[in-house]
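Structural characterization, general
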Amino acid sequence: MRFRLGPLLTALCLGVAFPILWYAAWQGTRGNDFDMYQNQFLELRQRLLYAEKENKRRSQELSSALDEIKRVVAKRMNLTTNHTDDIKWKVLNLTRKLPVHLTNMYYYLPHLQEYEDAVFPNVIFGRQRTGVSLVMGIPTVKREKQHYLIDTLHSLLYELSEEQKNDCVIIIFIGEVNAEYVNSVAESVKTSFPREIQSGVLEVISPPASYYPDLSNLKKTFGDSEDRVRWRTKQNLDYSFLMLYAQPKGTFYLQLEDDILAKSDYFQSIKDFAAKQSQEWMILEFSQLGFIGKLFKSEDLPLIVEFFLMFYKDKPIDWLIDHLLWVKVCNPEKDAIHCEKEKAKLRIRAKPSLFQHVGIYSSLAGKIQNLKDKDFGKNVLHKAHNNPPAKVDTSLRIYQQYTLEKIYKGEDCFWASAPVAGDYIRFTFLNPLKVEKYFFRSGNMEHPGDKLFNTTVEVLPADEMLRKELIDNGSKFNYPATKDGYLKIGAFENGIAEGSINQSIGKIQAIRLSVNSDSPVWAILSEVLIKTSEN
């Protein structure tokens, strides 16, 4: 908007100035005064024209900077290759001239003037995806005890469709400068989510060490200890860096943390809620806790970050965002109730909450936080289907009440201790059936890592002559046969096995999930679908 103020201001001033000059001329008694007014008017006009020209120049500079970013991004599309043995940090070779909206950072972080690369991230993994609907930012730092990042990513990616994955990007910001630690976190993300790294859904970045100012001599406020003041100050800087990096990538920016659980339909729920807003808003809240689940329009992020940087040493991030709303809409001459009503117009709460805080051990050393969002409710940990009548059995050791019968009937999930090679889960139909397709999902929202690994899907043809032929001569189909007459028709990939069954096999007597290697984790089946022509 500010690039359009010049012409408007020029017109307004000319409109005001002409009556003044006319009045001065009409007086006619003091020609010198008229000359003085005329000279001042001409000088004012020149200044306004100069300001308009300067604004146009800055607009062109910003456009050029963005064009340069796009050019470099297109050139660096292969950033994720050759990282298997040793992660090599990639610093985006962007133009050394900051875009206009970043130049004010020098006022709030003056040490950056000595480090020209300090605001450009180390992009460890990333395809530089842009043009998406939703950008999610997850800052993570080293914790003394438990780490939650991988489980958080499992939760976010668990039920996203391919279409949704193509319309978002999740940025993991590792707020540390120790290269060994940063590399280890990045590698764990890549190992757990190789497809998402390769496709560009996940990006992993970290800040240069020179980005941070000296945090050793901060003023203590609000009764906080020196460590807590340093922790919250650095947190403000981390959020700011992450937001600025994310800003040009998509329409909306969602602020998350590294220790959360997401509802399975969060992606579509956010898009739907944002689309139905009929009034101007600044924040849509999908969690009532802290800075979790806060949605911003990407176009607003430069303003928000600038406000954060003005006061990054003074208050925590959630207080600062509330103060920003106060500055925008509250009238000092009216009471607090009026102020809250006005802020609520810009800060709109969605219910039920889509994100739950699950971390116990804070990133602040020694801090325990059992914060829970009461509006989150319970997550559905299994999905029910109407499966054909069958007898079920397994060699796995079942945990408590989570039996195989319950997931087959859609009553609860199946949960068992860690499988070993040779273990199986079997569904034997009471009557042979023509099975069209199958779908098995392992893991669930609360335990996304409890998946089936190196597990094949096998079917037992009902035709005994065909089974004998398979045992004696091997498979005449395009599926390998087992020694006991089963056909291997599929396998679990990233916790899911799905597919159609070749109808030339005929009717099926049983479906078996066979574990081919020892697993380091327990196993959950949260969805079983066996589709026949009859159901």
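My aim in this report is to walk through the structure given alongside it, one point at a time. If you're wondering where the values come from, they're calculated on a predicted model, not measured in any experiment. (Residues numbered from 1 in each chain as written. Predicted model: local features only at pLDDT ≥ 70, side-chain atom pairs only at ≥ 80, totals over all residues. Heavy atoms only, no water.)

Within the protein, the regular secondary structure consists of 14 helices and 20 strands. Taken across its 535 residues, the protein has 48% of its residues classed as buried. Within the protein, residue pairs in contact and separated by at least 24 positions form 77% of the contacts whose partners lie at least 6 positions apart. Total accessible area on the protein stands at roughly 27,400 Å², and carbon and sulfur atoms take up 52% of it. (Helix = DSSP H or I, 4+ residues; strand = E, 2+ residues; numbered from the N terminus. Buried < 20%, exposed > 50% of the residue type's maximum accessible area, 1.4 Å probe, protein only. Contact = heavy atoms within 4.5 Å. Areas by Shrake-Rupley, 256 points an atom, 1.4 Å probe, with all protein chains shown as cover.)

Okay, the pairing of strand β4 (residues 168-174) next. The element β4 is extensively covered by neighbouring structure, given that seven of its seven residues are classed as buried. Of the two faces of β4, the one lined by Cys168, Ile170, Ile172 and Ile174 and the one lined by Val169, Ile171 and Phe173 are each fully buried. Where strand β3 (residues 132-140) and β4 come together, seven bridges link them in parallel fashion. Across the sheet, the residue bridging to Thr140 is Ile174, located in β4. (Pairing = 2+ DSSP bridges.)

If you look at the biggest cluster of nonpolar residues, it comprises 44 residues, and the most contacted ones within it are Met243, Phe296 and Ile304. Where this core is concerned, the elements lending two or more residues are β3, β4, α8 (226-246), α10 (301-310) and α11 (317-329). Ranked by residues supplied to this core, first place goes to α8 with nine residues. In this view, Met243 contacts Tyr253, Gln255, Phe291, Phe296, Leu301, Ile304, Val305 and Phe308; residues no more than four positions away in its chain are not counted. (Core = buried A, V, L, I, M, F, W, Y, C linked by side-chain atoms within 4.5 Å.)

Next up on the list: the state of the cysteines. If you walk through the whole model with that rule in mind, you get one disulfide. Residue Cys330 pairs covalently with Cys339 via a disulfide, S to S 1.8 Å. When the S-S torsion is 75°, as for the bridge of Cys330 with Cys339, the disulfide is right-handed. (Disulfide = S-S within 2.5 Å.)

Per the stated rule, a full pass over the model turns up 20 salt bridges. A salt bridge links Lys249 to Glu203, with the shortest nitrogen-to-oxygen separation between them at 3.1 Å. In this pair, Lys249 is assigned in the loop between α8 and β6 (250-255) and Glu203 in strand β5 (residues 202-206), connecting sequence segments 46 residues apart. As far as burial versus exposure is concerned, Lys249 and Glu203 are alike and both buried. Through salt bridges with shared partners, one network takes in Glu285, Lys294, Asp322, Glu340, Lys343 and Arg347. (Salt bridge = Lys/Arg side-chain N within 4 Å of Asp/Glu carboxyl O.)

With respect to topology, four strands assemble into an open sheet ordered β13-β20-β15-β18, the strand pairing being antiparallel. Of all the strands in the sheet, just β13 (414-416) and β18 (496-500) have a single pairing partner and so form its edges. Adjacent strand axes in the sheet meet at a mean angle of 20° when their direction is disregarded. Bridge analysis of strand β15 (residues 435-442) against β18 gives five bridges, and the strand direction is antiparallel. Residue pairing across strands places Phe440 opposite Ala497, the latter belonging to β18. (Axes fitted to C-alpha atoms, helices over the stretch in contact; angles between N-to-C directions.)

A word on the sheet that holds strand β12 (residues 390-394). Pairing between the strands of a sheet is mediated by backbone hydrogen bonds and can be parallel or antiparallel. The sheet built from five strands is open, its strands ordered β12-β14-β19-β16-β17 with antiparallel pairing. Edge positions in the sheet fall to β12 and β17 (487-491), since each has one partner strand and no second. Geometrically, the sheet is characterised by an average inter-axis angle of 20° between neighbouring strands, direction not taken into account. Sheet topology note: the strand β14 (residues 424-433)/strand β19 (residues 508-515) ladder contains six bridges and is antiparallel. Opposite Thr428, over in β19, you have Ala510 as the bridge partner.

Moving on, we get to the environment of Gln503. For Gln503, the position within the fold is in the loop between β18 and β19. We classify Gln503 as partly exposed; its relative accessible area is 34%. Along the backbone, Gln503 and Val435 are 68 residues apart, and their C-alpha atoms lie at a distance of 7.9 Å. If sequence neighbours within four positions are ignored, Gln503 has contacts with Lys434, Val435 and Glu436. Among the polar contacts made by the side chain of Gln503, one reaches the main-chain carbonyl oxygen of Val435 at a distance of 3.0 Å. Within the local environment of Gln503, its side chain forms a polar contact with the backbone oxygen of Ile501, the two atoms lying 2.9 Å apart. (Polar contact = N/O pair within 3.5 Å; in protein donor to acceptor, adjacent residues only side chain to side chain.)

Attention now moves to the packing of aromatic side chains. Scanning the entire structure with this criterion turns up 20 aromatic pairs. An aromatic cluster is built from Tyr408, Phe427, Tyr438, Phe440 and Phe492, whose rings are joined through pairwise contacts. It is Lys297 that lies over the ring of Trp281; its NZ or CZ is 4.8 Å from the centre. Positioned above the aromatic ring of Tyr486, the side-chain terminus of Arg512 is 3.7 Å from the ring centre. (Phe/Tyr/Trp six-rings, centres within 6.5 Å; stacked < 30°, edge-to-face > 60°. Lys NZ or Arg CZ within 6 Å of the ring centre and 35° of its normal.)

The linkage connecting Lys351 with the following residue, Pro352, adopts the cis geometry, with an omega of -5°. Among the secondary structure elements, Pro352 is positioned in the loop between β10 (347-349) and β11 (355-357). Of note in the backbone geometry, Phe222 takes a positive phi value of approximately 60° without being a glycine. By the secondary structure assignment, Phe222 is in the loop between β5 and α8. According to the relative accessible area criterion, Phe222 is partly exposed, its value standing at 48%. Residues other than glycine seldom take positive phi values, yet Asn494 does so here, at roughly 55°. Structurally, the position occupied by Asn494 is in the loop between β17 and β18.

Next up on the list: the pairing of strand β9 (residues 294-297). Neither face of β9 is open: one carries Lys294 and Phe296, the other Leu295 and Lys297, and all of them are buried. Pairing geometry for β6 and β9, over four bridges, is antiparallel. Bridge pairing links Tyr253 to Phe296 in β9. Bridging between strand β8 (residues 283-285) and β9 involves two bridges; their strand directions are antiparallel. Looking at β9, one finds that Leu284 is bridged to Leu295.

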